[in-house]
Amino acid sequence: MLSSADLHLERALFLAVLILFFGTGFLCTFTVFMINSIRKKNESSRYYMFLFLISGTIGVALAAFYFYVILFEQAGNYVF
């Protein structure tokens, strides 16, 4: 009966990475768009697309680094 339970850990990790990527990308792009709108600065759509991709990638990289530090670097403190 327990073998029929499927956890889908890979799918959960993939969805977490997608949420991080699109969340940070949208948040940064929206913030910069609002600042540029207030300043009445006209930027091209290519500028916002590159900003979205770069900020999303940086967000995922920072989250991966954070979890690396938490899981592997701090684990050395708890070894007996």
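Below, the structure is looked at part by part. (Residues numbered from 1 in each chain as written. Predicted model: local features only at pLDDT ≥ 70, side-chain atom pairs only at ≥ 80, totals over all residues. Heavy atoms only, no water.)

Some words on the overall build of the protein chain
Along the protein chain, the regular secondary structure elements total two helices and zero strands. In the protein chain, buried positions account for 15% of the 80 residues. Surface exposure of the protein chain reaches about 7100 Å², of which carbon and sulfur atoms provide 74%. (Helix = DSSP H or I, 4+ residues; strand = E, 2+ residues; numbered from the N terminus. Buried < 20%, exposed > 50% of the residue type's maximum accessible area, 1.4 Å probe, protein only. Areas by Shrake-Rupley, 256 points an atom, 1.4 Å probe, with all protein chains shown as cover.)

So, a nonpolar patch on the surface
On the surface, a nonpolar cluster with roughly 800 Å² of combined accessible area is contributed by Phe65, Tyr66, Phe67, Tyr68, Ile70, Leu71 and Phe72. Checked against the element boundaries, isoleucine 70 lands in helix H2 (residues 45–73). (Patch = residues over 30% accessible without salt bridge, like charges linked within 9 Å, V, L, I, M, F, W, Y side chains within 5 Å. Salt bridge = Lys/Arg side-chain N within 4 Å of Asp/Glu carboxyl O.)

Section: H2
Here H2 is 29 residues long and its end C-alpha atoms lie 41 Å apart, about the 42 Å a rise of 1.5 Å per residue gives. Structurally, H2 contributes buried residues whose contacts are with helix H1 (9–38). (Expected span 1.5 Å × (residues − 1). Contact = heavy atoms within 4.5 Å.)

Description of H1
Residues separated by three or four positions in an α-helix point in the same direction, a consequence of the helix having 3.6 residues per turn. Helix length check: H1, at 30 residues, gives a terminal C-alpha distance of 43 Å against a target of 44 Å (1.5 Å per residue), a fit within 8%. Turning to H1, its buried residues are Phe21, Gly25, Thr29, Val32 and Asn36. Packing partners of the buried residues in H1 comprise H2. Immediately downstream of H1, the backbone of lysine 40 shows phi near 55°, a positive value.

Some thoughts on unusual backbone geometry
Even without being a glycine, lysine 40 presents a positive backbone phi close to 55°. With respect to the secondary-structure elements, lysine 40 resides in the loop between H1 and H2.

Brief notes about the packing of H1 against H2
For the pair H1 and H2, the least separation of the axes is 7 Å and the interaxial angle reads 135°. Taken together, the axes of H1 and H2 lie oblique to each other. The way H1 lies across H2 gives a crossing that is right-handed. Across from Val17, Leu20, Phe21, Phe22, Thr24, Gly25, Phe26, Cys28, Thr29, Val32, Phe33 and Asn36 in H1, the residues of H2 making contact are Tyr47, Tyr48, Leu51, Phe52, Leu53, Ser55, Gly56, Thr57, Gly59, Val60 and Ala63. Considering only residue class, the contact of H1 with H2 consists of 15 nonpolar, eight polar and no charged. (Axes fitted to C-alpha atoms, helices over the stretch in contact; angles between N-to-C directions. Parallel < 35°, antiparallel > 145°, perpendicular 65-115°, else oblique. Left-handed = near helix turned anticlockwise from the far one by under 90°. Nonpolar A, V, L, I, M, F, W, Y, C, P; charged D, E, K, R; others polar.)

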